[in-house]
Amino acid sequence: MIPVTEPYLPPRGRLDYYLDRVYASHRLTNDGPLVRELTRRLEDYLGVTNLLLVANGTLAIQLALATLGVKRGRGLTTPFTFPATSSALSWQGVEPQYADIDPETLNLDPLAADHAVTADTRVILPVHTYGNPCDVERFRALANRIRVPLVYDASHAFGVQLNGQSLLNWGDAATLSLHATKLFHTAEGGGIVFRDSHLLEEARSMINFGLDNGSPVRIGINAKMSEMHAAMGLAVLEAIDEIIDYRMAIQDHYRKRLSGRIELPVFSADASANGAYMPVLCRNAVHRKRVQRHLLANGIESRAYFSPALGSLGLYTKEITGAGVEFADRILCLPIFFGLSTIQVDHICDLVCAIPPTQEPAL
Ligand SMILES: *Cc1c(COP(=O)(O)O)cnc(C)c1O
């Protein structure tokens, strides 16, 4: 069975080097030396400042919202994402407000978002889906005009540069997921890049029960990254260039083999890719089901990532919307991970191309 993704495991010796340091220090958590070292090294690697490492990517979004004072009201967001983007809003008491996505990039469409603004809109939370940058200039202009914070869920955008600058530097805050299945991981983990260093310090207290010099000064939560997780991150970080190069080569190979045979999302020409995902667009839901079944029959896992469209569920918001539904019905993510071979990719492409697009059957 070829899985759709597989976490990168560093060589044991490399991980052990960091674990030995944990044992020597007797420090397991609470902003320990390895978390500090990983923070510094990631800031260097990514080209960012004001990075706070946290327990996971979902809490990263919640903390960004909380630190920016976003509570109650509604948050403009994309329906085409992992459920955590919406649930993070909901847990902060902010009701998601869905707008349509761009048919080429599959990112939240700034014009559609603009049309969806109401007097209750308190935040804009787009996602750089598959590591492909949103239209950051237009979201900045919209956020400035309606005077609300702009937070990017940049869970997929590790290492992506836009016009030579880290994509994470856009927005009042940008959040990362460092979950095992992501491009760069700490097993479980997340991060927030703040534009404003004061907010970083506030969030640092917030992830530690709201303590400041041992006394509670705000309502906090426990969202600290442990030393064990930082050890994994430091070991993975040593291989990150190799991992990204490998995944980009796989993604290139897929895109060459599939172009003209199945629709591919359009990646920004102004940004570096990171090879995090391999999305294709089937003709329709029936076509996707057939492709997925054919792959599975040949031992290959694929995932309808992101489906269903979050506004169609009546879960995060009472009103049901059709935003993003077409693409949620058509999307399919193919296997991509460190260690997948081009021979396997060729085989997967042959299987995908063997299933002709079908028209939806008449009801
Ligand atoms: C993975 C992911 C998250 C959640 O991150 P966790 O670290 O698993 O909590 C949020 N948003 C998007 C778009 C993701 O892909």
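Calculation notes
- Residues numbered from 1 in each chain as written.
- Predicted model: local features only at pLDDT ≥ 70, side-chain atom pairs only at ≥ 80, totals over all residues.
- Heavy atoms only, no water.
- Helix = DSSP H or I, 4+ residues; strand = E, 2+ residues; numbered from the N terminus.
- Rg over C-alpha atoms; globule rule 2.2 N^0.38 Å.
- Buried < 20%, exposed > 50% of the residue type's maximum accessible area, 1.4 Å probe, protein only.
- Contact = heavy atoms within 4.5 Å.
- Lys, Arg positive; Asp, Glu negative; His and termini not counted.
- Charge placed at Lys NZ, Arg CZ, Asp CG, Glu CD.
- Near = heavy atom within 4 Å.
- Polar contact = N/O pair within 3.5 Å; in protein donor to acceptor, adjacent residues only side chain to side chain.
- Areas by Shrake-Rupley, 256 points an atom, 1.4 Å probe, with all protein chains shown as cover.
- Nonpolar A, V, L, I, M, F, W, Y, C, P; charged D, E, K, R; others polar.
- Phe/Tyr/Trp six-rings, centres within 6.5 Å; stacked < 30°, edge-to-face > 60°.
- Lys NZ or Arg CZ within 6 Å of the ring centre and 35° of its normal.
- Pairing = 2+ DSSP bridges.
- Axes fitted to C-alpha atoms, helices over the stretch in contact; angles between N-to-C directions.
- Domains from an automatic or database assignment.
- Buried area = accessible area lost by both parts, 1.4 Å probe.
- Salt bridge = Lys/Arg side-chain N within 4 Å of Asp/Glu carboxyl O.
- Core = buried A, V, L, I, M, F, W, Y, C linked by side-chain atoms within 4.5 Å.
- pLDDT = per-residue confidence, 0-100.

Right, let's talk about the overall build of the protein chain for a bit. Secondary structure summary: the protein chain contains 12 helices and 13 strands in total. Against the compact-globule benchmark of 21 Å for 363 residues, the protein chain has a radius of gyration of 21 Å, which places it among compact chains. Overall, the C-alpha framework of the protein chain stretches about 65 × 55 × 35 Å when taken along its three principal axes. The buried share of the protein chain, reckoned over its 363 residues, is 52%. For the protein chain, the share of sequence-separated contacts (at least 6 apart) that also reach a separation of at least 24 residues comes to 70%. Each charge sign in the protein chain was given a centre, from 33 positive and 38 negative side chains, and these centres are 3 Å apart.

This part covers the site of the ligand. Taken together, 15 residues sit near the ligand, with Thr58, Asp153, His156, Ser177 and Lys182 positioned nearest. At 3.3 Å from a nitrogen atom of the ligand is found a side-chain nitrogen or oxygen belonging to Ser155. His156 is positioned such that a nitrogen or oxygen atom in its side chain is 2.7 Å from an oxygen atom of the ligand. Starting from 380 Å² of accessible surface for the ligand in isolation, the protein chains cover 94%. Of all the secondary-structure elements, those providing two or more residues to the shell around the ligand are α3 (57–67) and α4 (83–91). Here the shell around the ligand is built from residues that sort into three nonpolar, 10 polar and two charged.

Tracing the backbone through its elements, the reader meets Leu211 in strand β10 (residues 211–212). Given the relative accessible area of 28%, Leu211 is considered partly exposed. As for Leu211 and Ile221, which are separated by 10 residues in sequence, their C-alpha atoms are 9.6 Å apart. Setting aside residues up to four positions removed in sequence, Leu211 forms contacts with Ser205 and Pro216.

The subject of this paragraph is the packing of aromatic side chains. Applying the stated criterion across every chain, the model contains 12 aromatic pairs. Ring geometry for Phe80 against Tyr130: centres 6.3 Å apart, planes inclined by 80°, an arrangement best described as edge-to-face. Placement of Phe80 in the loop between β2 (74–77) and α4 and of Tyr130 in the loop between β4 (121–125) and α6 (136–146) is noted, with a sequence separation of 50 residues between them. Overall, Phe80 belongs to the buried group, its relative accessible area being 0%. Chaining the aromatic ring pairs together yields one cluster made of Phe80, Phe82, Tyr130, Tyr277, Tyr305 and Phe306. The ring of Phe82 is capped by Lys182, whose NZ or CZ atom sits 5.7 Å from the centre of that ring.

Ordered by their spatial adjacency, three strands build an open sheet running β3-β2-β4, and the pairing between neighbours is parallel. A single partner strand is all that each edge strand has here, and the edge strands are β3 (95–98) and β4. Within this sheet the neighbouring strands show an average axis-to-axis angle of 30°, counted without direction. As judged from the four bridges shared by β2 and β3, these two strands associate in the parallel manner. In the strand pairing of β3, Gly75 is matched with Pro96.

The next point concerns the domain arrangement of the protein chain. Per the domain assignment, the segments of the protein chain are domain 1 (12–237) and domain 2 (240–353). The straight-line distance from the C-alpha centre of domain 1 to that of domain 2 is 24 Å. The interface of domain 1 with domain 2 comprises 37 residues on the first partner and 34 residues on the second. Carbon and sulfur atoms make up 63% of the surface buried where domain 1 meets domain 2, a total of about 3100 Å² over both sides. Viewed at the interface, domain 2 and domain 1 are joined by one salt bridge. Across the domain 1-domain 2 interface, the total number found is 14 residue pairs in polar contact (both at pLDDT 80 or more). Looking at the side of domain 1 that touches domain 2 element by element, the count peaks at four residues for α4. Looking at the side of domain 1 that touches domain 2 residue by residue, the class counts come to 21 nonpolar, 11 polar and five charged.

In this section: the nonpolar core. The nonpolar side chains of soluble globular proteins are, as a tendency, buried together. Grouped together as the largest cluster of nonpolar side chains are 53 residues, with contacts concentrated most on Leu38, Leu42, Ile124, Phe139, Phe158, Leu168 and Phe184. Residue contributions to this core peak at seven residues, all from helix α8 (residues 227–237). The residue makeup of this core includes at least three contributed by each of domain 1 (12–237) and domain 2 (240–353). Beyond its immediate stretch of four places on either side in the chain, Leu42 contacts Gly47, Leu51, Leu53, Phe158, Phe184 and Leu237. Of all hydrophobic cores here, the second largest spans 24 residues; its members include Leu52, Ile61, Ala173 and Leu199.

It is worth spelling out helix α7 (residues 197–206) at this point. Residues separated by three or four positions in an α-helix point in the same direction, a consequence of the helix having 3.6 residues per turn. Burial in α7 covers these residues: Leu199, Leu200, Ala203, Ser205 and Met206. On its buried face, α7 is in contact with β1 (51–54), α3, β9 (190–194) and β10. With a side-chain oxygen positioned 2.8 Å from the backbone nitrogen of His198, the residue opening α7 is Asp196.

For the protein chain, the average pLDDT comes to 97, and 99% of its residues sit at 70 or higher. No element of the protein chain has a lower mean pLDDT than β10, which averages 96, and none a higher one than strand β5 (residues 151–153), which averages 99.

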